[in-house]
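# Residue-level structure breakdown
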Amino acid sequence: MRKFCFLLCLLAGTSEAATYTVKVGQGQVKVEWYADGVVRVVKTPTTAEFVRKSLAVTAAPKDIKVKVKETQDTLFLSDSRIQIAVAKHSGEIVYRMAKRAEIVREASEAVFTSVDDAGRKSWKVKQGFRLEKDEAIYGLGILQNGKMSQRGVNRQLRPGNTEDGVLFFQSEKGYGIYWDNYSPTNISDKGTEVAFSSEVGDAVDYYFIYGGNADGVVSGVRELTGDVPMLPLWSYGFMQSRERYKSQQELLDVLHRYRKDGVPIDCMIQDWQYWGNNYLWNAMEFMSESFPNPKAMIDEVHAQNAKCMISIWSSFGPMTKPYRQLDEKGLLFDIKTWPQSGISHQWPPRQDYPSGVRVYNCYSSEARDIYWENLKRIYDLGMDGWWMDSTEPDHFNWQPADFDRQTGMGSYRSVLCAFPLMTVGGVYDHQRAESDSSRVFILTRSCTFGQQRYGANVWSGDVVSTWDMLRKQVPAGLNFSLTGNPNFNSDLGGFFAGSYNRSWKGKPAYENPAYHELYARWTQQGVFTPMMRSHGADVPRELYYYGKAGEPVYDALLGAIKLRYRLLPYVYSTSWSVSKRRDTFMRALVMDFPTDTKAKSLNDEYMFGRAILATPILNAQYTPEVVRHDADANAGWDKNTGRTQMNAMENVDFSHPSEHTVYLPAGSRWYYFHNDKVYDGGQDVKLEIPFSEIPFFIRGGSILPIGPDVQYSGEKVWDNLEIRVYPGANAEFTLYEDRGDGYDYEQGKYSEIPMTWNNRTRTLTIHNRRGSFRGMTAKKTFRVTLPDSKQKTVDYNGKKIAIKL
């Protein structure tokens, strides 16, 4: 280790990591390198050694070549990308680029305030950063504030139901800051100073990442915290759920109806209560008499070429096996959680019949072992995926003693925000240890920084069914993606749709034109998210409730699903780019158009992968836009509130087209997908489109593979694909294939077919195939098309071929 203790001593050596320490008053500042441009800063109020293993960061520090220069007041440390200047008298740090242009600086000294943490002396810790007045920052997790730039945000960041605070932001200037603390933490923005302040911490501990741009910062996040594993191909198909299916027959009837009607689907999801009653909460067994043979149910789902996912929780009822096992070892928390009552059919909860449900201590490796030991009963039935609900966890009526509870990793206060990471990681690690035959797929409600390494797809919780909430899902997903986790989705149609029930002619929401429009638009937007999943309470979401073929609403819903399946080769190849190249699915426009001032501030458009500009319709055009505000997610369970009378819908006609205005980012040509009409960027474009048409554009200089019309993701091999080339600039794309499941891709068992477009010579080159896998189709037919020319069909046998167009 190279270690410099200025004002005390000066030591030099050559070992594992580049580390430099400056004594400041009674404390010290330590700078430790993880890569060029990536450092950890630790500030302590004393010179006692601070040793703590990060829960989020998995990378080890490295022996980076660092140049050192010292003046009387300042220690200058430089790698190939940045210079760090540490003031000896205060410990304040200034970050500059290698050419010395300032990136950002700390706003003041670190602040340490002595606190008592469950009988242990610790500190409340705070550090501010001085930002330029108009400097945009992104990230901070899933916040339902509708903002793209998160400047001006002043709030506590922690996991929750409909919001997940993540202690990370990145700037439009190409740097990111991760605040490595797991206690409840506030972020404050005073105009020029953005500060993190945590309730407890033995040190100010943060990571500075200079990436040069947003993609570089995301790459740095993954370098520190872990890459994204490949999710199974089926997880990118359509999934159907409901607040719950009340019997195994009901679930199977939905799947059979979809197959009969020709509605593509890849996964049926079973939500809660399959265990019976609230005293058996999360028994991890099918105890309800309505599920008499779960193995037969799952087998039938598989026979219908679909997968099955099931809801599991972070808490257990007092009559369950896992409860007893955990309770014997003191591995349950005494906190008030969901459900509060053992009587499941009454609202508000009957507090005189407490459920006795308790949250498990996921910070204990023994508790995580017990959790998997019980979950394995369902895994052995052939279950394909896990819906991990309440992973924040639900916690009502906080008491001071709740925070003081010991976890084995410190007080609950000190590790509270790491709960999602620990519980999701426990399931991922155990299933990986069990078998590599199928990929772990986890849908979860809450998130901690670094959770992308566990195959977790985070949804935005129990959001209410309003247009305002639909609009908020776009910037929420984009900002979450900018924290390094690419997998985001929301309940298509919103979770609580009660305000649409019986508010028009006393009819249920699925007969209400106002809900028809909202559900259709939400589903259309869901085409361009990593996971496309219909789910919610109060009203069934299955397509056949919304009309029939030939009717506008039904056609809009079915058309969205079919489009998603046609795009699967593009989506799955993008998934590979996310895993291998640290790419991002939902790309805020600042990522690709950083110099377009208008584009980078838009909160209703985004790139989906590198080729598609998603421009969803997020406003009511045919029906009244009804607004409903709930105090919190649980208020939605009260079926007697939230209804708004809806009028002026007697003559709603979805067969007429509507107008939709979009902004096309500057610097590119844009092709409207449905008619190949080309537009120059840097302008607003007004479209007139039918209700069933999803507006989106393809960037000039793109190659887009289009797959076959299928009923499920694996129905047809990709041996006859349409390859659409969009001129305007040179282009490249890599078509990725593997078996669609399992982890043999980690041993190189996959194929890549690189494609390049030379815009000057109008030549598409399909290069030599790289790699192979079991079951691979060696020969393919590609139907190559340009917007302004006829189709050319070519046969490809894995060898390079050039097509002049």
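As annotated in an unreviewed UniProt entry, the protein chain carries the name DUF5110 domain-containing protein and is attributed to Bacteroides xylanisolvens. The Sequence similarities (unreviewed entry) field of the UniProt record for the protein chain holds the comment "Belongs to the glycosyl hydrolase 31 family."

Quick look at helix 12 (residues 568–581) now. Its 14 residues give helix 12 an end-to-end C-alpha distance of 19 Å, which sits within 8% of 20 Å, the value for a rise of 1.5 Å per residue. Among the residues making up helix 12, those that are buried are L568, P569, Y570, V571, Y572, S573, T574, S575, W576, S577, V578 and S579. Positive phi shows up at R582, right after helix 12, with a value of about 60°.

Tracing the backbone shows Q525 in helix 10 (residues 513–526). Among residues more than four places away in sequence, those in contact with Q525 are V474, M586, Y606, P616 and L618.

This part covers the packing of aromatic side chains. In the structure shown here, the tally under the stated rule is 65 aromatic pairs. Centre to centre, the rings of F316 and Y360 are 6.3 Å apart; their planes meet at 75°, and the pair counts as edge-to-face. One end of the pair, F316, is in strand 23 (residues 315–316); the other, Y360, is in strand 25 (residues 358–360), with 44 residues separating them in the sequence. For the pair F316 and Y360, one class covers both residues: buried. Their ring planes at 65° and their centres at 5.8 Å tell us that F528 and F608 sit as a pair that is edge-to-face. Residue F528 is located in the loop between helix 10 and strand 30 (532–534), and its partner F608 is located in strand 32 (residues 606–608); the two are separated by 80 residues in the primary sequence. An identical accessibility class is assigned to F528 and F608; each is buried.

Right, let's talk about the pattern of salt bridges for a bit. Applying the stated rule across the entire model yields 59 salt bridges. In this structure, E752 and K580 form a salt bridge, with 3.2 Å as the shortest nitrogen-oxygen distance. One end of the pair, E752, is in strand 42 (residues 751–758); the other, K580, is in helix 12, and 172 residues separate them in sequence.

Between the first and last C-alpha of helix 9 (residues 467–481) there are 22 Å, a value that for 15 residues agrees with the 21 Å anticipated at 1.5 Å per step. Burial within helix 9 is extensive, with 13 of its 15 residues counted as buried.

Take the UniProt feature "domain: Glycosyl hydrolase family 31 C-terminal" (unreviewed entry) in the protein chain next. Per the UniProt annotation, the sites labelled "domain: Glycosyl hydrolase family 31 C-terminal" (unreviewed entry) are residues 584–621 and 659–704. For the annotated span residues 584–621, helix accounts for 24% and strand for 21% of the residues, and the straight-line distance between the end C-alpha atoms is 31 Å. The span residues 659–704 is 0% helix and 59% strand, and its two end C-alpha atoms sit 27 Å from each other.

This next bit is on the pairing of strand 42. In terms of burial, strand 42 is a largely internal element, 6 of the 8 residues being buried. Across 7 bridges, the pairing between strand 41 (residues 731–737) and strand 42 is antiparallel. By the bridge assignment, Y736 is partnered in strand 42 with E752. Examined bridge by bridge, strand 42 and strand 43 (residues 763–766) share 4 bridges and lie antiparallel to one another. When the sheet's bridge partners are listed, M755 is paired in strand 43 with I766.

To continue, consider unusual backbone geometry. Glycine aside, residues mostly have negative phi angles, and peptide bonds mostly take the trans form. A cis amide bond links W347 to the next residue, P348, at an omega of 0°. Put simply, E392 and P393 share a cis peptide bond, and its omega is -15°. Positioned with a positive phi, L140 is a non-glycine residue whose angle comes to about 70°. With respect to the helices and strands, the residue L140 is situated in strand 13 (residues 137–142). The backbone phi angle of D538 is positive, close to 75°, even though this residue is not glycine. Within the secondary structure, D538 sits in the loop between strand 30 and helix 11 (552–566).

Quick notes on the rules
- Residues numbered from 1 in each chain as written.
- Predicted model: local features only at pLDDT ≥ 70, side-chain atom pairs only at ≥ 80, totals over all residues.
- Heavy atoms only, no water.
- UniProt positions renumbered as here; feature names shortened; annotations may be inferred.
- Helix = DSSP H or I, 4+ residues; strand = E, 2+ residues; numbered from the N terminus.
- Expected span 1.5 Å × (residues − 1).
- Buried < 20%, exposed > 50% of the residue type's maximum accessible area, 1.4 Å probe, protein only.
- Contact = heavy atoms within 4.5 Å.
- Phe/Tyr/Trp six-rings, centres within 6.5 Å; stacked < 30°, edge-to-face > 60°.
- Salt bridge = Lys/Arg side-chain N within 4 Å of Asp/Glu carboxyl O.
- Pairing = 2+ DSSP bridges.

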